Amino acid sequence: MAGVWRCMLAVLVLMCVCLWGLTEAVGGAVSRPRPQRRPRKKPKVEPIDLTPPAQNIDIQRMLGRWYLLNTASKCSYLINHGTKVEPTVMTLTRSSASDQTLSVSTKTRHNHLCWEILQVYDLSPTPGKLTLKGARPELNTEIVIGETDYDNYAVMVFQKQGKITMKLYGRSVDDLSEPMLTKFEQLAEKQNLGLAYLFPFPTYSHCGDVDQDHVINCVPTC
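Residues numbered from 1 in each chain as written. Predicted model: local features only at pLDDT ≥ 70, side-chain atom pairs only at ≥ 80, totals over all residues. Heavy atoms only, no water.

Under an unreviewed UniProt entry, the name given to the protein chain is Complement component C8 gamma chain, and the organism recorded is Xyrichtys novacula.

(A) How the structure looks around the overall build of the protein chain. What the protein chain contains, in helices and strands, is 3 helices and 12 strands. Out of the 222 residues in the protein chain, the part that is buried amounts to 39%. Within the structure as shown, the protein chain displays about 13,700 Å² of accessible surface, and the carbon and sulfur contribution to it stands at 52%. (Helix = DSSP H or I, 4+ residues; strand = E, 2+ residues; numbered from the N terminus. Buried < 20%, exposed > 50% of the residue type's maximum accessible area, 1.4 Å probe, protein only. Areas by Shrake-Rupley, 256 points an atom, 1.4 Å probe, with all protein chains shown as cover.)

(B) Region of interest: the nonpolar core. Of all hydrophobic cores here, the largest spans 25 residues; its most connected members are Ile 59, Met 62, Tyr 121, Leu 130 and Met 156. Elements with a contribution of two residues or more to this core: β3 (64-73), β4 (89-93), β5 (101-110), β6 (113-123), β7 (129-132), β8 (141-148) and β9 (153-160). Setting aside residues up to four positions removed in sequence, Met 156 forms contacts with Met 90, Tyr 121, Ile 143, Val 144, Ile 145, Thr 165, Met 166, Lys 167 and Tyr 169. Judged by nonpolar contacts, the second largest core, of 19 residues, contains Tyr 153, Val 157, Val 173 and Met 180. (Core = buried A, V, L, I, M, F, W, Y, C linked by side-chain atoms within 4.5 Å. Contact = heavy atoms within 4.5 Å.)

(C) Molecular detail of the environment of Thr 221. Among the structural elements, Thr 221 can be located in the segment after β12 (215-217). Using a relative accessible area of 30% as the deciding quantity, one classes Thr 221 as partly exposed. Put simply, Thr 221 and Arg 136 are 85 residues apart on the chain and 9.6 Å apart in space, counted from C-alpha to C-alpha. Each residue touching Thr 221, except ones within four places of it in the same chain, is listed here: Lys 133, Gly 134 and Ala 135.

(D) Here's a closer look at the state of the cysteines. Under the criterion given, the structure shown has 1 disulfide. Sulfur-sulfur distance for the disulfide between Cys 114 and Cys 207 comes to 2.1 Å. An S-S torsion of about -90° defines the bridge between Cys 114 and Cys 207 as left-handed. Linking Cys 114 in strand β6 with Cys 207 in the loop between β11 (198-200) and β12, this pair joins segments that are 93 residues apart in sequence. The class of Cys 207 is buried, set by a relative accessible area of 10%. (Disulfide = S-S within 2.5 Å.)

So this is what it looks like as structure tokens:
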């Protein structure tokens, strides 16, 4: 079972030289060379910072069921198997309005069987930013809710070890509006994820109840 769990997690689940100078003084004397100041290093910009969270995110309105409609990623698994992705649905719950975590259930298929992965997203002081903790801090996944209207769509950005994956979720699979898909493509393009890296997901045959033998509990981490 442990081997299957690892396989499932792999399937589902995502970056001077100092200058010296000489100057001549009056009378031909040469001054002592002085080191030039090192230029200040520009602060490192993480790829996820190119998609800031939507303003005034109300996390309570994000709760409920979201269907995965499209993914933008350079993940090798998707590049090699992007035509074989399975219908996937995510459900967000929160025990209380004061709770600083979201419980996440993701259901999908693997080898014709339904599986459920349980995770926890930690809320940050910045609305719209979350963290999926890894076994070590450097394995954390940073998450940003980049765009949403709560009732129809949400764009979420995931960054792990400098690599970006963007996901487009919908409250329904029945109304895939062209403006919604276009907005997702534009946001993906900002991360250099063009059309070649977009992978639409099936909008039918989503999993319902999953038996306990096919639940992978990644709380607190996997």
